[in-house]
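Next come the chains, spelled out residue by residue.
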Protein chains: 2
Amino acid sequence: MRDTRAELLMQAETLVRGRGYAGFSYADLAEAVGIRKASIHHHFPSKVDLGAALVAAYAARYAAALAAIRAEVPDGTGRIEAYGRLYLGGVEQGLGCLCAALAIEGEALPERLRRDIAAFFADHLAWLEEILRAGQADGSVRVGTDPAVLARFVIATLEGALLMERLFASPDAFRGTLAVLVDGLKA
Amino acid sequence: MRDTRAELLMQAETLVRGRGYAGFSYADLAEAVGIRKASIHHHFPSKVDLGAALVAAYAARYAAALAAIRAEVPDGTGRIEAYGRLYLGGVEQGLGCLCAALAIEGEALPERLRRDIAAFFADHLAWLEEILRAGQADGSVRVGTDPAVLARFVIATLEGALLMERLFASPDAFRGTLAVLVDGLKA
DNA sequence: TCTTGTCTACCATTAGGTAGGTAGATTTCC
DNA sequence: GGAAATCTACCTACCTAATGGTAGACAAGA
């Protein structure tokens, strides 16, 4: 059996992360998966449905990764570095962040998707805040700045680095930025 | 007299920064300017021509702002903060970075535009590197990290903060991230 | 038999772009 | 100076391809 729905999600994610939400079409996706355009509508009636499913799957994958980092890495800055390496994968594959691709569309983005990606960022912010707070408590992260403020700073740096270093196809430059970020968080 | 070309550039910039390059059409622009769609082609034969003109105008405006900052602000971190406030304007107006909007399209973006926005970032990188190097020399910026690496870090943080805080419509959060960034650069 | 997944064949709308024309300003040349 | 030619900026009308989406048929499997 081939799980067409999963295949659609995978290829659609690659397309959106590679060219933006408005920049890909059902026709592109149909060709990538080897199915007829109309068949996609059976799985995802509208493009917004597909977009929402994409964000949900992406968020779920990230949630699992975040839980794994918390379980496997003990110290604060180590966790932030592991978090940053998640973004590095995008640079290496030439793929941006799904939610950044959607966020760029701003006012043109269907309200539902805007809410979904805002929730995505809010989740990461909450996770980072907790990680940073714990790091400050155990002395692995520098104190003096509100963890909530630091969390926003961390996401901003990584999202921006992914955006720019993908353009330059430069994973090394991304690693440099990640190193500066992590270094600045050390106690 | 009304300078239609300038008006087209202005409205097109707002559209691209608000909804992405693939997310706006000649029809949208025609309506915004109050002209017929076909007339746009008189000024900008193709959408790529328009995009290139947009980037050129945007880059020129930034170049002037960068020169002004260098002339008017004496110290390294003050200059970086002034640079960051340029991005803050976008958050306040609900508009992203033009070049980020284009960069998101990645592989789907016409080669010419990809080159143009890469040059935009390269210019900023060069300016920042020089500013940071001077700051390190005069003791206003912390030493120990290659200015070229720091420059990438600065742009990444600001581009990412603009992307995310525009979504959250939160200039205050942007200011917080900018403060953390500038603080971390102090000697 | 009913559901699931796919198909072909459509639909209306929009995309970027073109053809050809027109009113008004500007330049050229006697 | 005045007429003719040219140029500028815009128009209406159209084109082809692509967009997201729908209707209905059909085959396979539970």
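What counts and how
- Residues numbered from 1 in each chain as written.
- Chains lettered and ligands numbered in written order.
- Predicted model: local features only at pLDDT ≥ 70, side-chain atom pairs only at ≥ 80, totals over all residues.
- Heavy atoms only, no water.
- Helix = DSSP H or I, 4+ residues; strand = E, 2+ residues; numbered from the N terminus.
- Rg over C-alpha atoms; globule rule 2.2 N^0.38 Å.
- Buried < 20%, exposed > 50% of the residue type's maximum accessible area, 1.4 Å probe, protein only.
- Contact = heavy atoms within 4.5 Å.
- Areas by Shrake-Rupley, 256 points an atom, 1.4 Å probe, with all protein chains shown as cover.
- Near = heavy atom within 4 Å.
- Polar contact = N/O pair within 3.5 Å; in protein donor to acceptor, adjacent residues only side chain to side chain.
- Nonpolar A, V, L, I, M, F, W, Y, C, P; charged D, E, K, R; others polar.
- Buried area = accessible area lost by both parts, 1.4 Å probe.
- Salt bridge = Lys/Arg side-chain N within 4 Å of Asp/Glu carboxyl O.
- Arc of directions from axis to C-beta.

## Here's the deal with the overall build of chain A
Counting secondary structure elements, chain A contains nine helices and zero strands. The linear arrangement of helices and strands in chain A, starting from the amino end, is α-α-α-α-α-α-α-α-α. Its C-alpha atoms give chain A a radius of gyration of 18 Å, within 12% of the compact-globule value 16 Å for 187 residues. With respect to the three principal axes, the spread of C-alpha positions in chain A is 55 × 40 × 30 Å. The proportion of buried residues among the 187 residues of chain A is 53%. For chain A, restricting intrachain contacts to residue pairs at least 6 apart in sequence, the fraction spanning at least 24 positions comes to 69%. When the accessible area of chain A is evaluated, it comes to approximately 7,600 Å², of which 53% is carbon and sulfur surface.

## Things to note about the protein's contact with DNA strand D
Close to DNA strand D lie 17 residues, the nearest being K47 of chain A together with T4, R36, S39 and H43 of chain B. When the atoms of DNA strand D within 4 Å of the protein are sorted by group, sugar and phosphate make up 60%. Between DNA strand D and T4 of chain B, the relevant distance is 2.5 Å, taken from a phosphate oxygen to a side-chain nitrogen or oxygen of the residue. Between DNA strand D and the protein, one listed contact pairs a phosphate oxygen with a side-chain N or O atom of H43 of chain B at 2.5 Å. Looking at the surface near DNA strand D, the elements that each hand over two or more residues are α2 (26-33) and α3 (37-43) of chain A together with α3 (37-43) of chain B. Per-element accounting of the surface near DNA strand D gives the leading share, four residues, to α3 of chain B. Class assignment for the residues of the surface near DNA strand D results in seven nonpolar, seven polar and three charged.

## Focus on the interface of chain A and chain B
On the side of chain B, 42 residues touch chain A, which itself brings 42 residues to the contact. Here chain A and chain B share an interface that buries about 3,500 Å² over both sides, 74% of which is from carbon and sulfur atoms. When the buried surface of chain A facing chain B is broken down by residue, I104, R152 and L167 of chain A rank first, second and third, together holding 19% of it. Joining chain A to chain B, the criterion identifies two salt bridges. Among the salt bridges present, the one from R152 of chain A reaches E165 of chain B, with a minimum N-O distance of 2.7 Å. Our enumeration of links across chain A and chain B arrives at nine residue pairs in polar contact (both at pLDDT 80 or more). Elements that contribute at least two residues to the side of chain A that touches chain B include exactly α1 (4-19), α6 (98-103), α7 (111-137), α8 (147-167) and α9 (171-185) of chain A.

## Brief notes about helix α2 (residues 26-33) of chain B
All names here are of chain B. Restricting attention to buried positions, one finds in α2 the residues Y26, L29, A30 and V33. One face of α2 carries all of its buried residues, which in axial projection span an arc of 100 degrees. Check the buried side of α2 and you find it contacts α1 (4-19), α3 and α4 (47-72). Downstream of α2 by a residue or two, G34 has a phi angle that is positive, lying close to 80 degrees.

## Concerning the protein's contact with DNA strand C
Taken together, 16 residues lie around DNA strand C, and T4, R36, S39 and H43 of chain A together with K47 of chain B are the ones closest in. The share of sugar and phosphate among atoms of DNA strand C within 4 Å of the protein is 58%. Within the side chain of S25 of chain B, one N or O atom sits 3.1 Å away from a phosphate oxygen of DNA strand C. Elements with a minimum of two residues in the surface near DNA strand C: α3 of chain A together with α2 and α3 of chain B. The element that contributes the greatest number of residues to the surface near DNA strand C is α3 of chain A, accounting for four residues. Along the lines of polarity and charge, the residues of the surface near DNA strand C split into six nonpolar, seven polar and three charged.

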